[in-house]
Amino acid sequence: MWKPGTDFATMRCLTYPLLRRLLGLSPQCLPGALSQSKGPILSPKQSSLRQGCSARPGCVTATDVVNYWQKVFETNGIPEARESSEYIVSFVLGAKTFQSLNSKSLHAPLTAVQQEQIQQLSNKRLERMPVQYVLGEWDFQDLTLQMRPPVFIPRPETEALVSLVVEEESRKCETNSGLCFPVPVSHPVILEIGCGSGAIALSLLCKLPQA
């Protein structure tokens with residue numbers, strides 16, 4: 001389980017030649033701050049990707065950055081490297097998923113502010129902070145929940161549980177409406193113990209307002 005303040009000072013980092021290959025950039029796009037003579041090009045305490053293209057601010061796109069951070073996460077043993085990179089970049093660009101971004105957003109140059117935001121969030125992920133905490137929010141059913149430690153992160157199985165409850169209530173209503181003489185149906189009573197983030201109760205309240 002992730003704990004704040006975990007020391008990952010020994011994490012491995014990408015090298016300058018690999019950065020160039022990943023981004024397909026000319027040497028002019030990578031100033032001396034990221035030169036090979038400087039050693040490792042990335043760690044939470046080192047220069048940001050924003051500095052990496054300060055000479056030509058328009059040379060890095062969302063696609064470039066996703067590919068770059070995927071390799072950084074993989075090199076440092078971060079689980080779900082591709083998904084983490086996509087979630088962080090899409091979050092900074094104001095989208096829920098990377099796949100929902102249009103072609104223009106994918107290939108438009110990132111601003112210095114956007115690069116800095118991605119750098120800061122990615123540094124947190126490099127410390128193995130769950131991506132839900134990194135973003136500070138997570139979608140559950142039709143809701144967007146605020147996420148921060150020590151709130152439990154909702155799991156996909158929990159969403160399936162909510163769907164089962166809603167389906168069961170819908171089935172009862174359909175069965176009753178099909179009767180020749182419909183009988184009153186009592187409103188469901190829902191009690192959640194150990195609610196954690198409150199995802200189940202909030203979602204059921206949204207879908208079953210009569211409960």
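Look above for the structure.
Overview of the structure. Everything quoted here is computed from the prediction, not taken from an experiment. (Residues numbered from 1 in each chain as written. Predicted model: local features only at pLDDT ≥ 70, side-chain atom pairs only at ≥ 80, totals over all residues. Heavy atoms only, no water.)

Considerations on the overall build of the protein
Selection criterion: Counting from the N terminus, the helices are DSSP H or I runs at least four residues long and the strands are E runs at least two residues long. Exposure is judged per residue with a 1.4 Å probe applied to protein chains only, and the accessible area is read against the type maximum: over 50% gives exposed, under 20% gives buried, and values in between give partly exposed. Per-residue accessibility takes into account occlusion by the displayed protein chains alone, with areas from the Shrake-Rupley method and a 1.4 Å probe.
Regarding its fold elements, the protein presents nine helices and two strands. Along the protein, helices and strands appear, N-terminal first, in the series α-α-α-α-α-α-α-β-β-α-α. Across the 211 residues of the protein, 38% fall into the buried class. Approximately 12,300 Å² of the protein is accessible, and the part contributed by carbon and sulfur atoms is 57%.

Regarding the side chain of Glu86
In plain terms, the rule: Under the rule applied, a polar contact is a pair of N or O atoms within 3.5 Å (in protein, one hydrogen donor and one hydrogen acceptor; residues adjacent in sequence only if both atoms are side-chain atoms). The contact criterion used is simple: two residues touch if any of their non-hydrogen atoms lie within 4.5 Å.
Within the element layout of this structure, Glu86 appears in helix α4 (residues 81-92). Classification of Glu86 by relative accessible area gives buried; the value is 13%. Here Gln99 takes part through its side chain, which lies 3.2 Å from a polar atom of the side chain of Glu86. Residue contacts for Glu86: discarding those within four places in its chain leaves Val66, Phe98 and Gln99.

Some words on the pattern of salt bridges
So the rule is basically this: Any carboxyl oxygen of Asp or Glu that lies within 4 Å of a side-chain nitrogen of Lys or Arg is treated as forming a salt bridge with it.
Overall, the coordinates contain seven salt bridges when judged by the stated rule. The salt bridge involving Lys71 is made with Glu74; its shortest N-O contact spans 3.8 Å. One end of the pair is Lys71 and the other is Glu74, both in helix α3 (residues 62-75) and three residues apart, which spans about a single turn. Take Lys71: its relative accessible area is 34%, and that puts it in the partly exposed class. For Glu74, a relative accessible area of 39% puts it in the partly exposed group. Here Arg82 makes a salt bridge to Glu86, at a shortest N to O gap of 2.9 Å.

Some points on the side chain of Thr61
Secondary-structure assignment places Thr61 in the loop between α2 (49-52) and α3. A polar atom in the side chain of Thr61 sits 3.1 Å from the side chain of Asp64. In this structure, Thr61 is in contact with Leu106, His107, Ala108 and Leu110, ignoring residues within four places of it in sequence.

A few points about the packing of aromatic side chains
Rule in force here: Stacked, tilted and edge-to-face pairs are distinguished by plane angle, under 30 degrees for stacked and over 60 for edge-to-face with tilted covering the rest, among Phe, Tyr and Trp rings (Trp via its six-membered ring) whose centres lie within 6.5 Å.
Taken as a whole, this structure holds three aromatic pairs when the rule is applied. A centroid spacing of 5.7 Å and a plane angle of 35° characterise the contact between Trp69 and Phe73, whose relative ring orientation is tilted. One end of the pair is Trp69 and the other is Phe73, both in helix α3 and four residues apart, which spans about a single turn. Judged by relative accessible area, Phe73 falls into the buried class, the value being 0%.

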